[in-house]
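Overview (structure and organization)
Chain by chain, the residues:
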Amino acid sequence: MALIKSISGIRGTIGGRTDDNLTPLDTVKFTSAYGAWLLKENPGKDRLRVVVGRDARISGPMIHALVTATLSGMGIDVIDLGLSTTPTVEMMVVHHQADGGIILTASHNPKEYNGYKVYWSDGAQLPPQHAAAIARELEHIDIFTGVTSMDFDEAVNKGLITMLGEDCDKRFMANVMSMVNDYETVKKVADDFKLVYTPFHGCGHKLVPEALTRLGIKHLLCVPEQMVIDGNFPTVVSPNPENPEGFYLAIDLAKKNDVDFILGTDPDSDRVGIMVRNKQGEFEPVTGNQTGVLLLDYLIGAMKRAGKLPANAAALKTIVTTEMARAVAEANGLDCYDTFTGFKFMAEKMNELEGAGKNTVIFSYEESYGYMIGHYVRDKDAVTASLLLTEMAAWYYSQGMTLFDALNALFEKYGWYGEKTHNLVMPGLDGAEKMAALMKSLRETPPSEIAGVKVATYKDYSDGTARDAASGEVTKIALSGSNVLRFELCDGTHIVVRPSGTEPKIKVYILTKGADAQERDANLVKYSAWVNTLA
């Protein structure tokens with residue numbers, strides 16, 4: 001697996017000095033470039049500050065030491081959180097009015113990986129213009145003459161490194177608990193309501209149980225084998241809550257204790273996945289699209305009941321996230337806006353809308369199990385999401401419903417939406433050429449119909465245009481600047497095509513809707529067959 005470099009940072013396997021690994025050299029160079037950029041962005045400022053944390057990865061302590069030593073050597077103050085969740089680092093950037101933040105994590109990737117994500121002073125991931133500036137700095141770093149370092153103890157003695165302990169967790173948890181809407185309902189069902197939780201050996205092991213206990217949950221069953229912090233992730237192939245197979249221990253525990261609801265967070269606790277018991281008594285995963293719809297619908301109702309819903313509330317989703325979210329938002333009087341994939345774009349949109357006094361964003365999400373709620377974290381946050389997912393499950397429990405029941409009720413209310421993502425892998429030396437050729441073909445000679453259904457509108461997010469298939473009229477759309485195509489069909493189905501930014505594959509998203517579950521599922525099969533012809 002080659003080293004992944006994106007505008008958010010770097011990620012790769014850990015090993016020696018090869019192009020395929022994230023090495024100490026990569027770490028020092030990237031930190032030096034980031035620090036140099038911060039110094040240029042803040043001319044004349046007396047002291048710069050950067051918040052640094054890491055997740056449970058095996059190589060975390062080594063990489064963490066390199067980062068703090070490099071920043072200290074550049075005269076930049078380090079607020080060191082040590083072992084920490086990603087959302088805690090993001091919040092502390094804002095709380096300490098720091099100039100940036102770094103979290104050392106490979107998120108949900110297997111144990112062989114580690115990574116490095118950087119943040120701007122607003123606690124959000126870097127917008128493209130700042131990322132490009134760091135990339136330019138990286139080109140000019142001479143590892144022999146352009147890097148400085150300082151011994152850890154010396155940096156502490158000089159006041160360049162400040163170690164933070166439980167205080168940062170307390171501040172973060174105060175914000176998390178402020179998001180509770182309904183303590184009373186939880187209290188009413190607390191004697192009977194139960195759930196199972198697993199952090200998959202990651203950093204959620206402390207804060208998620210604390211949040212749920214403070215919510216009033218009495219019967220929280222944590223998977224004991226996976227509550228142990230261990231970067232080897234010994235009980236799972238991959239610590240990814242998107243993968244149902246990783247929940248096998250949680251399912252066993254749930255079945256033994258007659259539990260209907262399972263919650264799991266990834267190693268740095270920014271993604272969360274859930275599983276629910278169906279009518280046959282078996283556990284099935286709820287997709288990221290479906291989880292977001294459940295949360296959005298619940299939050300609107302709960303905030304209304306609590307008198308907390310802003311008059312100008314809005315929701316954000318990505319262009320590849322289910323259109324059911326828009327249906328839920330607009331049916332309840334909320335505005336719903338699309339962004340490109342990535343929470344950096346959602347944070348920018350939130351800033352834009354709220355800065356203009358147009359909307360207050362109450363919920364943002366993408367289909368890959370990431371949810372942003374509140375304003376103290378400008379990125380996905382599994383701790384807050386876990387709290388509200390549990391509050392939601394308890395509320396439905398008080399209504400005599402599981403989340404499986406609740407999801408089907410939403411389908412009945414808003415429509416039978418369904419989604420499927422295909423990955424057209426194009427490896428090898430000619431992989432990039434194949435990807436470019438497919439995008440060029442779809443752009444220059446788009447299909448007039450897909451699986452026998454006419455295309456109504458072609459959207460090209462590279463130049464921000466929409467073309468009516470019948471009239472040929474071209475209009476502008478709100479988003480531009482990304483190599484993404486969208487085909488909107490006459491039956492309401494949307495098919496989105498985009499190259500992956502980190503892997504040799506093209507991703508194709510089918511977003512459809514049927515009159516009932518059978519028609520929805522038939523649509524997914526029909527359009528999937530067309531997608532497979534592209535490979």
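That block above? That's the structure.
A short tour of the structure in this document, coming up. Computed from a prediction, not measured in an experiment: that's the story for all the values here.

Some points on the sheet that holds strand E14 (residues 313-318)
The 4 strands are arranged E15-E14-E16-E17 in an open sheet whose pairing can be described as mixed. At either end of the open sheet lies a strand with only one pairing partner, and these are strand E15 (335-339) and strand E17 (370-372). Across the sheet, the axes of successive neighbouring strands diverge by a mean angle of 20 degrees, strand direction being ignored. Together, E14, E15, strand E16 (360-366) and E17 form the strand contacts of helix H12 (residues 343-355), whose direction differs from that of E16 by roughly 165 degrees.

Section: the sheet that holds strand E13 (residues 283-286)
Sheet strands line up and pair through hydrogen bonds in the backbone, either parallel or antiparallel. Strand order in the open sheet formed by 5 strands is E10-E9-E11-E12-E13, with mixed pairing between adjacent strands. The open sheet is flanked by strand E10 (219-222) and E13, the only strands paired with a single partner. Averaged over neighbouring strand pairs, the angle between their axes works out to 25 degrees when direction is ignored. Relative to strand E11 (residues 261-265), strand E9 (residues 194-198) is paired through 3 bridges, and the arrangement is parallel. Bridge assignment links Val-196 to a residue of E11, and that residue is Ile-262. Helix-sheet contacts for helix H9 (residues 248-256) involve E9, E10, E11, strand E12 (272-277) and E13, and the interaxial angle to E9 is about 160 degrees.

A word on the packing of helix H10 (residues 288-306) against helix H14 (residues 403-414)
Two numbers describe a pair of packed helices, the interaxial angle and the distance between the axes. Between H10 and H14, whose axes approach to 10 Å, the crossing angle comes to 80 degrees. Considering the angle they form, H10 stands roughly perpendicular to H14. From H10, Gln-290, Val-293, Leu-294 and Asp-297 reach across to H14, where they touch Leu-403, Ala-406, Leu-407, Leu-410, Phe-411, Lys-413 and Tyr-414. Grouping the amino acids of the contact of H10 with H14 by side-chain chemistry returns 8 nonpolar, 1 polar and 2 charged.

The rules behind these values
- All chains use their own residue numbering, which begins from 1 and follows the written sequence.
- In keeping with the model being predicted, local features are shown solely for residues with a pLDDT of at least 70 and side-chain atom pairs are shown and tallied solely at 80 or more, while totals for entire chains, interfaces and linings include all residues.
- Excluding hydrogens and water, the side-chain values take into account all heavy atoms of the structure.
- Strand pairing follows a simple DSSP-based rule, namely that at least 2 bridges must link the two strands.
- Comment: elements are numbered from the N terminus, with helices defined as DSSP H or I runs of at least four residues and strands as E runs of at least two.
- Axis lines are fitted to C-alpha atoms, over the contacting stretch for helices. Their N-to-C directions set the angle, which ranges from 0 to 180 degrees.
- Contacts were defined at the residue level, with two residues in contact if any of their heavy atoms lie within 4.5 Å.
- An angle counts as roughly parallel when it lies under 35 degrees, as roughly antiparallel when it exceeds 145, as roughly perpendicular when it falls between 65 and 115, and as oblique in every other case.
- Nonpolar residues are Ala, Val, Leu, Ile, Met, Phe, Trp, Tyr, Cys and Pro. Charged residues are Asp, Glu, Lys and Arg, and all others, Gly as well, are polar.

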